[in-house]
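As a plain string of letters, each chain reads:
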Amino acid sequence: MRVLIATAVVVLTAAPPGRSSVTFAVIGDSGTGDRVQYELAQQMAAVQARRPFDLVIMLGDNIYGRQQPGDFVQKFERPYKPLLDAGVRFYAALGNHDNERNRFYRPFNMGGERYYTFAVRNVRFFVLDSDSLDPKQREWIETVLAASTDDWKICYFHHPLYSDGGRHGSQVDLRVVLEPLFVKYDVNVVFSGHDHVYERIKPQKGITYFVAGSAGQLRKGDLHRSDLTAAAFDQDQAFVVVDIAGDELTFEAISRTGQVVDSGVIHREGRPWKQ
Amino acid sequence: MTAMRRALPFAMDRYLLLPLGACIALLWANTAPAGYFVVADRLSFAVNEVGMTLFFALMTREVLEATSPDGPLHTWRRVMLGVAAAVGGVVGAVASYITYLHLGDEGSVLLRGWPIVCATDIAFAYCVARTVCSPAALPFLLLVGIISDAIGMAVLMIRVPAGDVHASGAALVIMSITSAIVMRRCEVRSFWPYLIGPGSLSWSGLFLSGLHPALALVPVVVLLPRTARVRGFMVDAPARARDPLSCFYRAMKAPGHGVLFLFGIVNAGVVLKGAGTGTWAVALAAGVGKPAGILIAVALAVAAGLRLPRHVGWRDMIVVALSASTGFTFALFFATVTFGVGPVLNETKLGALLSVDASLVTIAVARLLRVGRFAEPRAPGATVPRRYRRAYSTLPPTIV
């Protein structure tokens, strides 16, 4: 119970007042510190100028390689400076290349926890540490999902439950543990990275899964489309912009050059298979 | 049915049920992962937290026998070199594990996994060493394995609590030990009351204390009355022995191996595609760091005045050091305790499985160095290589 109290509630109050919708960007596997990460960040800033984000969610592998203070500047603070200056808050999940201590890095807003939850208006985000889904974390996610009465429930973590990425693919051991909980407690959308491509999976048991692990790293041509694939893009770096208004979630996947490579609308609705 | 009856003791004596379970799990996880991981997840608690109490209880009995008077590890003089070697092995393995991770410039979550590389699968390593090593070196190998595992286990218990800590847990453990002592004083002759009473209390106590409950039967087995002596490792008690420890061993040996088979099924199913940094770090630590650490520590200890065990030369010592690098069961167990479900666990488990390759290296090196069974050709009619004849004659018959 102590753990729950410590980790469960990180309340976000930074959302601009007076707006009913929630807009956020999604980046994964971003922290390379190389030119393409900066270019994608510039593209994000350009989009943000037109459609202001409330926040950016980071899907892990936020800092690659050395993780000294200078690296946080080069691989995070400098590329995303325009966004940070505009008051956009970043909420990070840990990836396999991240040091666990990064949860104490203030701009990642993790509250010192490996897993946590926060809400913006009617949208609640559940952030998991998929590196190691220990029994405590499993108990925690079930408890907070069950307690949530928010209209939209969005989970994000590093390793994808469904993916057609050739290098890694679906993380089935995590899926058998998490998917039943997501279905039981009406999670709407799940974002992951790890595979360095963009992919949208056809809804699985009513849940839409995104793989968005190409905001810095890219594995060109690594995507092997399957029956699961709804849309995919593996030719350039990309990020996703999501806008939630009422019962509709609108998304756009945007490449480093500004090309919209996927877009659509997800409706919040009941799940017939649960009856 | 008859064939099965013959095959089972054969498999148990050669410690084959765990590798069999591991092979099935590997095949299953890589052909039908969804089904495998559902089954593994459902069985995980029953096998890892409950069933494994039997395995650790049986291992405790082996340690008790080995360290009792007349046992091959009795007296501190014999123990000192083994302690030095085990500490050296652990330091070598951990240093190479951490160095490998830092070479990648990352202080990733894998750093938490260093206790995994302390592991030595004593039973598996013993079975391999028995076939190739000088028999005089076997007690030394056992000692190194036992101490390495004890170090890893102690670190894990402290660093990775299995659950929330409740003060009542310690009280239950104390009650368990006290009740076992009372039963022993009252000369309770059946092992079942020990298991049901103190065993259950100990399991609950450890669980509530946040310690891993698989060790619940360790204090209970230590307190089981015993009169019969067995000489050697993994050897049955004499059929006429009726003391509780001997009866416990006879009754639980087959279920214990059944648990190991299930342990293999539940824990060894890793996706081969999931190999990563953790895999190579664990494999390198086991295959290089640990044997190097053991050999360096032994060299330093010998330079400081300790002596190699009788009839054990440096070539034997190299083979023993390689044998001790097989982590297998213990490494899988340590990985499962350290990491929750996910890719990091998969990576490190794969490394633990790869450490089994050390047994092949052991055999190859033993052959190369002409150690143990690969020593010079036997004289006609002799059953033991000539250079080891004296060693065999001084050891208990069951070890031979």
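What you see is a predicted model, and the numbers here were worked out from it, not measured in a lab.

A count of helices and strands for chain A gives six helices and 13 strands. In terms of overall dimensions, chain A is globule-like: its C-alpha atoms have a radius of gyration of 17 Å, near the 19 Å expected for 275 residues. Here the C-alpha coordinates of chain A stretch approximately 50 × 40 × 40 Å along the principal axes. Just so you have it, chain A exposes about 10,300 Å², and 49% of that area is on carbon and sulfur atoms. Each charge class in chain A was averaged separately, 32 positive and 34 negative side chains, and the resulting centres sit 3 Å apart.

Let us look at the interface of chain B and chain A. Each side of the interface is counted separately: chain B has 21 residues, and chain A has 30 residues. The contact between chain B and chain A buries some 2,100 Å² in all, and 49% of this surface belongs to carbon and sulfur atoms. Note that Arg112(B) is salt-bridged to Glu100(A), the shortest N-O span being 2.7 Å. Viewed at the interface, chain A and chain B are joined by six residue pairs in polar contact (both at pLDDT 80 or more). With five residues, the top contributor of residues to the side of chain B that touches chain A is helix 3 (residues 33-67) of chain B. A per-class count over the side of chain B that touches chain A returns 10 nonpolar, five polar and six charged.

Residues and elements named next belong to chain B. Predicted confidence across chain B gives a mean pLDDT of 84, with 87% of residues reaching 70 or more. Averaged over each element, pLDDT in chain B is lowest for helix 16 (residues 389-394) (45) and highest for helix 11 (residues 277-303) (94). The low-confidence segment residues 387-400 (pLDDT under 50) makes 36 contacts with residues lying over four places distant or belonging to another chain. Scoring of the predicted complex yields 0.82 for pTM and 0.83 for ipTM.

With that out of the way, let us pick up a nonpolar patch on the surface. Where nonpolar side chains cluster on the molecular surface, the patch consists of Val39(B), Leu43(B) and Leu262(B) and spans about 190 Å² of accessible area. Along the chain, Leu262(B) turns up in helix 10 (residues 244-267).

Moving on, we get to the environment of Phe90(A). Residues and elements named next belong to chain A. Checked against the element boundaries, phenylalanine 90 lands in strand 3 (residues 89-92). A relative accessible area of 1% means that phenylalanine 90 is categorised as buried. Along the primary structure phenylalanine 90 and proline 107 are separated by 17 residues, whereas in three dimensions their C-alpha atoms are 6.5 Å apart.

Further remarks concern the pairing of strand 9 (residues 207-212) of chain A. All names here are of chain A. Counting buried positions along strand 9 gives six out of six residues, so the element sits mostly inside the fold. Taking every second residue as pointing to the same face, both faces of strand 9 are buried, with Ile207, Tyr209 and Val211 on one and Thr208, Phe210 and Ala212 on the other. Relative to strand 9, strand 7 (residues 189-192) is paired through four bridges, and the arrangement is parallel. Bridging across to strand 9, valine 190 finds its partner in tyrosine 209. Two strands pair when backbone bridges link them, and strand 8 (residues 198-204) and strand 9 are joined in this way by five bridges, in the antiparallel orientation. Each bridged residue has a counterpart across the sheet, and for glutamate 199 the counterpart in strand 9 is valine 211. Turn length for the strand 8-strand 9 hairpin, with the two strands adjacent in sequence and antiparallel, is two residues, and the turn residue lysine 205 shows positive phi of about 50°.

To continue, consider the pattern of salt bridges. Should the charged atoms of two oppositely charged side chains come close, the side chains can pair. Counting across every chain of the model gives 18 salt bridges over all chains. Arg66(A) is the partner of Asp71(A) in a salt bridge, and the nearest nitrogen-oxygen pair spans 3.7 Å. When its relative accessible area of 3% is taken as the criterion, Asp71(A) is described as buried. On the accessibility criterion, Arg66(A) (44% relative accessible area) is partly exposed. In this structure, a network of salt bridges that share partners links the residues Glu100(A), Arg114(A), Asp129(A), Asp134(A) and Arg112(B).

Here we take up the sheet that holds strand 12 (residues 248-255) of chain A. Residue and element names in this part refer to chain A. With respect to topology, six strands assemble into an open sheet ordered 3-2-1-11-12-13, the strand pairing being mixed. Of all strands in the sheet, those bounded by a partner on one side alone are strand 3 and strand 13 (260-267). Within the sheet, the average angular offset between the axes of one strand and its neighbour, ignoring direction, is 20°. Here four bridges tie strand 2 (residues 55-58) to strand 3, and the two strands are oriented parallel to one another. Residue pairing in the sheet places valine 56 in a bridge with phenylalanine 90 of strand 3. Against the sheet, helix 2 (residues 35-50) makes contact with strand 1 (22-27), strand 2, strand 11 (238-245) and strand 12, and its axis sits at roughly 25° relative to strand 11, the strand it touches most.

This brings us to helix 8 (residues 191-209) of chain B. Residues and elements named next belong to chain B. When the terminal C-alpha atoms of helix 8 are compared, their 25 Å separation across 19 residues agrees well with the 27 Å that a helix rising 1.5 Å per residue should span. Maximal helix bending in helix 8 amounts to about 35°, located at glycine 199. Listed in full, the buried residues belonging to helix 8 are Phe191, Tyr194, Leu195, Pro198, Gly199, Ser202, Gly205, Leu206 and Ser209. The opening residue of helix 8 is serine 190, an N-cap whose side-chain oxygen sits 3.2 Å from the backbone nitrogen of tryptophan 192. Count one or two residues on from helix 8 and you reach glycine 210, which has phi positive near 85°.

Enumeration according to the criterion identifies zero disulfides over all chains in this entry. With no disulfide of its own, Cys247(B) lies 19 Å from the sulfur of Cys186(B), the closest cysteine sulfur.

So, on to the side chain of Ser132(A). Looking at where Ser132(A) falls in the secondary structure, it is placed in the loop between strand 5 (123-127) and helix 5 (135-147). Residues contacting Ser132(A), with those up to four places away along its chain left out, are Arg114(A), Gln137(A), Arg112(B), Phe339(B), Gly340(B) and Val341(B).

A word on the sheet that holds strand 5 of chain A. All names here are of chain A. A sheet is described by the order of its strands in space; here seven strands give the open sequence 4-5-6-7-9-8-10, paired in mixed fashion. With one partner strand each, in any of the chains shown, strand 4 (116-120) and strand 10 (229-233) form the two edges of the open sheet. Strand-to-strand, the axes of this sheet are offset by a mean angle of 15°, without reference to chain direction. Taken together, the three bridges between strand 6 (residues 152-156) and strand 7 define a ladder with parallel strand orientation.

In this model, Asn109(A) sits at a positive phi of 50°, which is unusual for a non-glycine residue. Checked against the element boundaries, Asn109(A) lands in the loop between strand 3 and strand 4. Of the residues examined, Asn109(A) reaches a relative accessible area of 15% and is grouped as buried. For Phe328(B), which is not a glycine, the phi torsion comes out positive at approximately 30°. Under the relative-accessibility criterion, Phe328(B) is labelled buried at 3%.

Parameters and conventions
- Residues numbered from 1 in each chain as written.
- Chains lettered and ligands numbered in written order.
- Predicted model: local features only at pLDDT ≥ 70, side-chain atom pairs only at ≥ 80, totals over all residues.
- Heavy atoms only, no water.
- Helix = DSSP H or I, 4+ residues; strand = E, 2+ residues; numbered from the N terminus.
- Rg over C-alpha atoms; globule rule 2.2 N^0.38 Å.
- Areas by Shrake-Rupley, 256 points an atom, 1.4 Å probe, with all protein chains shown as cover.
- Lys, Arg positive; Asp, Glu negative; His and termini not counted.
- Charge placed at Lys NZ, Arg CZ, Asp CG, Glu CD.
- Contact = heavy atoms within 4.5 Å.
- Buried area = accessible area lost by both parts, 1.4 Å probe.
- Salt bridge = Lys/Arg side-chain N within 4 Å of Asp/Glu carboxyl O.
- Polar contact = N/O pair within 3.5 Å; in protein donor to acceptor, adjacent residues only side chain to side chain.
- Nonpolar A, V, L, I, M, F, W, Y, C, P; charged D, E, K, R; others polar.
- pLDDT = per-residue confidence, 0-100.
- Patch = residues over 30% accessible without salt bridge, like charges linked within 9 Å, V, L, I, M, F, W, Y side chains within 5 Å.
- Buried < 20%, exposed > 50% of the residue type's maximum accessible area, 1.4 Å probe, protein only.
- Pairing = 2+ DSSP bridges.
- Axes fitted to C-alpha atoms, helices over the stretch in contact; angles between N-to-C directions.
- Expected span 1.5 Å × (residues − 1).
- Bend = angle between axes of the 7 residues up to and from the residue.
- Disulfide = S-S within 2.5 Å.

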